[in-house]
Amino acid sequence: MSTAPRRAPADLLVHLRRARDHMDRHYAEPLDLAAVAAVAGVSKYHFHRLFTVTYGLSPAAHLSRRRIERAQDLLRSTNLTVTEVCHAVGFTSLGSFSSRFRDLVGEAPSEFQRRWAATGAPHIPGCFLLMWGLTERHRSASEEKAG
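The notes below deal with the structure included here.

Calculation notes
- Residues numbered from 1 in each chain as written.
- Predicted model: local features only at pLDDT ≥ 70, side-chain atom pairs only at ≥ 80, totals over all residues.
- Heavy atoms only, no water.
- Helix = DSSP H or I, 4+ residues; strand = E, 2+ residues; numbered from the N terminus.
- Buried < 20%, exposed > 50% of the residue type's maximum accessible area, 1.4 Å probe, protein only.
- Contact = heavy atoms within 4.5 Å.
- Areas by Shrake-Rupley, 256 points an atom, 1.4 Å probe, with all protein chains shown as cover.
- Arc of directions from axis to C-beta.
- Phe/Tyr/Trp six-rings, centres within 6.5 Å; stacked < 30°, edge-to-face > 60°.
- Lys NZ or Arg CZ within 6 Å of the ring centre and 35° of its normal.
- Expected span 1.5 Å × (residues − 1).
- Core = buried A, V, L, I, M, F, W, Y, C linked by side-chain atoms within 4.5 Å.
- Axes fitted to C-alpha atoms, helices over the stretch in contact; angles between N-to-C directions.
- Parallel < 35°, antiparallel > 145°, perpendicular 65-115°, else oblique.
- Nonpolar A, V, L, I, M, F, W, Y, C, P; charged D, E, K, R; others polar.
- Salt bridge = Lys/Arg side-chain N within 4 Å of Asp/Glu carboxyl O.

### Structural notes on the overall build of the protein
- Helix and strand content of the protein: 8 helices and 0 strands.
- Element order for the protein, N to C, with α for helix and β for strand: α-α-α-α-α-α-α-α.
- For the protein, the residues scored as buried account for 30% of the 147 residues in total.
- Put simply, of all contacts in the protein between residues at least 6 apart along the chain, 58% involve residues at least 24 apart.
- Taken as a whole, the protein presents about 9,100 Å² of accessible surface, with 57% of it coming from carbon and sulfur.

Below is the structure:
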C-alpha cells in the first residue's frame, strides 16, 4: 500500500482549475472554502485535499499568494498607501497583510514601495484605480444578476 498522496482524477482537474481561476479573478473579495469548493462541485474537505495535492499549496495559501502578487503590482505602480493596498487586494488586517507580505517577498510592504518609488517610475493615481475597481465590481454584479 502506497502512502503517497493521491492525485486528482483527470475529470476533476477541470473543476479544480475552474475553482482556482475563480479565486484568481475574485481575489479581492471575501472567499471562503465552502464557496470555492462549490465552484468545483465538491465538498470543502475533498476540495481542500485535492487542491493541496494538485497545486502544492492549500487554497488559502494560493489565495494569499495571489493577493500579495497583486499588492506588489499596486505598490510598484500606484500612489496608494500600504493600508489602501492591503484592503484593495482583499486583506482585512494590516498586520496580517504585512506579515504575509514579508514572508513571501522578504521585506515589509512599505520598504518595497519605497524601493520602487526611488526608481522614479511614474505612478497611476490611486483614485483612477479605485474608481475602475468599483466600476468592474458593479459590472460583474450586473452580469451575474442578468445571467
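### Focus on helix H7 (residues 109-117)
- Where H7 is concerned, the buried positions are Pro109, Phe112 and Gln113. Projection of H7 onto a plane perpendicular to its axis shows the buried side chains occupying an angular sector of 95°, all on one side.
- On the buried face of H7, the contacting elements are helix H4 (59-77), helix H5 (82-88) and helix H6 (94-105).

### A closer look at the packing of aromatic side chains
- Inspection of every chain in the model, using the stated rule, returns 6 aromatic pairs.
- Ring centres of Phe51 and Tyr55 lie 4.7 Å apart, and the angle between their planes is 55°; on these two criteria the pair is classed as tilted. With Phe51 and Tyr55 both in helix H3 (residues 44-55) and 4 residues apart, the pair spans about one turn of that helix.
- Classification of Phe51 by relative accessible area gives buried; the value is 0%.
- A cation over an aromatic ring shows up here: Arg67 above the ring of Phe91, its NZ or CZ 5.9 Å from the ring centre.
- The residue whose ring lies beneath Arg76 is Trp116, and the NZ or CZ to ring-centre distance is 5.2 Å.

### Here we look at the environment of Ala117
- With respect to the helices and strands, the residue Ala117 is situated in helix H7.
- When the C-alpha positions of Ala117 and Ser77 are compared, they lie 8.7 Å apart, and in sequence the two are 40 residues distant.

### Some words on H3
- The terminal C-alpha atoms of H3, which comprises 12 residues, lie 16 Å apart, in line with the 16 Å expected from a rise of 1.5 Å per residue.
- Inspection of H3 places Phe47, Leu50, Phe51 and Thr54 among the buried residues, and these make up the whole buried set. Projected down its long axis, H3 shows its buried positions confined to an angular sector of 100°, all on one face.
- Phi turns positive, to about 80°, at Gly56, one or two residues after H3.

### Comments concerning the nonpolar core
- The biggest cluster of nonpolar side chains holds 26 residues, and the ones touching the most others in it are Phe47, Val85, Val89, Phe97 and Phe101.
- Elements that contribute at least two residues to this core include exactly helix H1 (10-25), helix H2 (33-40), H3, H4, H5 and H6.
- Per-element accounting of this core gives the leading share, 5 residues, to H4.
- The contact partners of Phe47, leaving out residues within four places of it in the chain, are Leu16, Ala19, Leu33, Val36, Ala37, Ala40, Val42 and Pro59.

### Side note on the packing of H4 against H6
- Packing of H4 against H6 brings their axes to within 10 Å, and their N-to-C directions diverge by 90°. Regarding the angle of H4 to H6, the classification is roughly perpendicular. Judged by residue contacts, Ala61, Ser64, Arg65, Ile68, Ala71, Gln72 and Leu75 of H4 engage Phe97, Arg100, Phe101, Leu104 and Val105 from H6.
- A breakdown of the residues in the contact of H4 with H6 according to their chemical character gives 8 nonpolar, 2 polar and 2 charged.

### Re the pattern of salt bridges
- Following the criterion strictly, the structure yields 6 salt bridges and no others.
- Here Arg66 and Glu69 are joined by a salt bridge, their closest N and O atoms 2.2 Å apart. Placement of the pair is Arg66 and Glu69 together in helix H4, with a separation of 3 residues, close to one helical turn.
- For Arg66, a relative accessible area of 25% translates into the label partly exposed.
- When salt bridges that share partners are traced, they join Asp24, Arg66 and Glu69 into one network.

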